[in-house]
Amino acid sequence: MPKNKNHNVASTPSGRTVIMASEVGFCFGVKRAINLTRQALDERKDVFILGDLVHNKRVTDELESKGLRKVEDYTQSRGGTMVIRAHGLPKAKIEEAKTQGIEVVDATCPIVLRAQEAAQILERDGYQVVIIGDKNHAEIKGILGSLENPALVIDSVEELHEAKKNFKLLRKVGVIFQTTHALELCHKIINEMLMMCKEIRIINTICRPVQNRQDDAIELAQKVDLMIVVGSRTSANTMELAALCRHYNPNTIHVQNAEELPLEVLANCKTVGIASGLSTPEDLVEAVRQKVLECDIAPPSEEPVAQPS
C-alpha cells in the first residue's frame, strides 16, 4: 500500500503494515479544557466540577488526583471554583452558581458554545429548534438550557415520525446538530424532514475537527484489513467514529487501551489502521500501535502464483 504523507505508516518484520490516522489524540477543545482545569487547580484551593471534564477516565483520574472534586450537586457549596465541563452546562445552572458566590472557570468547548448560539439565533427568529443528537448527552442538555422554549431532540427517522405523529414537529423548524455527530448519519433525518415541514433552516454545527477525523478514518478503513478505533466507551464522538468505520469495514474494533486489544484479531490481517476519538490521550493510541507492531502473529502470506507447467 502506498504511503500517505499525512499518515504514520510502519511495518513489522513479519510484513504487517500499520497505518495511523492523520490526527489522533486530543482536539483543540479538549486540550483547552484540560489546560484551564490544570491552571485552576494550580491557582485555587477548592476546585470542583459537575460530571466529567471530558469522556476519558485516564484524563479525569489524573485531574482528580491533583485535587479536582467531582460533585453531583453544587447548591450546597459556598464559594470555591466550579469548572464547567467541555460539553457545557445550562446557563441557569451557571448563573445560579455565581449567585452563590462560586467562581466559574468556563471550559466549554468554543464549538459547543457556537452551537448554543446557533440554537438561540433560530429561536429568536421564530423557528422551532430541532436538535439532531442524543438527548441524554451533556452537550445537548447544555444547548437545551440555553433556550427560552423547549426544543425537539431527535436521533433517528423513527423518532422524527413519532414527533410528527404526536404533533410535536411544527411546520417551521430550525435545525442544528450535536457537534460530535456524523453528518453522514443525519442525511436520512434531514431528507424526511424536508417532506414534513414547510420551512427549514439548517445551521451546520458539527465540529470541523470531528468531520475531518471521520472523513480520514472512513478513507483509511476502506484500505485496511482491520480498523482499530481507540477511545472511551462513554465518548460519543469515539462511538460514532467506530460505527462509521464499521459501516465501511465490518472488521472494525473499538478498544479503550492497548490492554483491551485482542491479538488474535491480527491473525488474518496484513494491513491495520488506527484512529482515535477527540478525548483520547495520544500516548494511549501510540501504545495500541506499538502492541500491533510488536505482535508476533504473522500476517497471512500471499497466495503462491501458479507456475506454468
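For every chain, the first residue of the written sequence is number 1, and numbering continues from 1 onward in sequence order. Only residues with pLDDT of 70 or above have their local features reported here, since the model is predicted, and side-chain atom pairs are shown and tallied only from 80 upward, although totals for entire chains, interfaces and linings are computed over all residues. Only hydrogens and water are removed before side-chain values are computed, so all heavy atoms of the structure are retained for them.

**Student:** Please give an account of the pairing of strand β1 (residues 8-11) that cites residues and values.
**Tutor:** A pair of strands is labelled paired if DSSP reports no fewer than 2 bridges between them. Only DSSP runs of H or I with at least four residues qualify as helices, and only runs of E with at least two residues qualify as strands; both kinds are numbered from the N terminus onward. As paired elements, β1 and strand β2 (residues 17-20) share four bridges and run antiparallel to each other. Residue pairing in the sheet places Ser 11 in a bridge with Thr 17 of β2. With antiparallel pairing between neighbouring strands as the criterion, β1 and β2 make up a hairpin whose turn holds five residues, including Gly 15 at a positive phi of roughly 105°.

**Student:** Please set out the pattern of salt bridges residue by residue, giving values where relevant.
**Tutor:** We count a salt bridge whenever a side-chain nitrogen from Lys or Arg sits within 4 Å of a carboxyl oxygen from Asp or Glu. Overall, the coordinates contain twelve salt bridges when judged by the stated rule. Residue Arg 69 pairs with Asp 46 through a salt bridge whose shortest N-O separation is 2.9 Å. Highlighted residues: Arg 69 in strand β4 (residues 69-71) and Asp 46 in the loop between α1 (28-43) and β3 (47-50), separated in sequence by 23 residues. Buried residues are those whose accessible area, probed at 1.4 Å on protein chains only, stays under 20% of the maximum for their type, while exposed residues exceed 50% and partly exposed ones sit between those limits. In this structure Arg 69 comes out as partly exposed when scored by relative accessible area, which is 37%. Among the residues examined, Asp 46 registers a relative accessible area of 32% and is labelled partly exposed. The partner of Asp 61 in a salt bridge is Lys 57, and the shortest N-O contact between them spans 2.7 Å. In this pair, Asp 61 and Lys 57 are both assigned in helix α2 (residues 57-65), four residues apart and thus about one turn of the helix distant. The exposure class of Asp 61 is partly exposed, given its relative accessible area of 34%.

**Student:** Break down the packing of α1 against α2 for me, citing the residues and quoting the values.
**Tutor:** In this analysis an axis means a line fitted to C-alpha atoms, helices contributing only their contacting stretch, and an angle means the value between N-to-C directions, from 0 to 180 degrees. Across the interface, α1 lies against α2 with an axial gap of 10 Å and an inter-helix angle of 15°. Relative to α2, the element α1 lies roughly parallel. In the packing of α1 onto α2, the handedness of the crossing is right-handed. Of α2, the residues touching α1 (which contributes Ile 34, Thr 37, Arg 38 and Leu 41) are Val 59, Glu 62 and Leu 63. Each residue is assigned to one class: nonpolar for Ala, Val, Leu, Ile, Met, Phe, Trp, Tyr, Cys and Pro, charged for Asp, Glu, Lys and Arg, and polar for all the others, Gly among them. For the contact of α1 with α2, the per-class residue count stands at four nonpolar, one polar and two charged. When an angle is under 35 degrees it counts as roughly parallel; over 145 it counts as roughly antiparallel; between 65 and 115 it counts as roughly perpendicular; any other value is oblique. Left-handed is the label given to a crossing in which the near helix is rotated counterclockwise from the far helix by less than a right angle, and right-handed is the label when the rotation is clockwise. When checking whether two residues touch, look at their non-hydrogen atoms; a contact exists if any pair is within 4.5 Å.

**Student:** Explain the environment of Gly 273 to me, using residue names and the numbers behind them.
**Tutor:** Within the secondary structure, Gly 273 sits in strand β13 (residues 271-276). Gly 273 gets classed as buried once you look at its relative accessible area, which sits at 0%. Put simply, Gly 273 and Ser 77 are 196 residues apart on the chain and 47 Å apart in space, counted from C-alpha to C-alpha. Once residues within four sequence positions are removed from consideration, Gly 273 is found in contact with Ile 19, Leu 220, Val 224, Leu 226, Met 227 and Ile 228.

**Student:** Give me helix α7 (residues 187-196): which residues, what numbers.
**Tutor:** Buried residues of α7: Ile 189, Ile 190, Met 193 and Met 196, and no others. Buried residues of α7, viewed axially, fall in a sector of 120°; they line one side. Opposite its buried face, α7 presents the exposed residues Lys 188 and Met 195, each directed more than 90 degrees away. Where α7 is buried, its residues meet β7 (128-132), β8 (152-154), α6 (157-165), β9 (172-177) and β10 (199-202). Each direction from the helix axis to a C-beta atom contributes to the arc, which is the arc of those directions.

**Student:** Tell me about the sheet that holds β7, and name the residues and values.
**Tutor:** With respect to topology, four strands assemble into an open sheet ordered β8-β7-β9-β10, the strand pairing being parallel. Each having just a single partner strand, β8 and β10 make up the two edges of the open sheet. Going from strand to strand, the sheet's axes swing by 25° on average, the running direction of each strand aside. Pairing geometry for β7 and β9, over five bridges, is parallel. Paired with Gln 128 across the two strands is Val 173, which belongs to β9. Its contacts with the sheet put helix α4 (residues 110-124) on β7, β9 and β10, and the angle it makes with β9 is roughly 175°.

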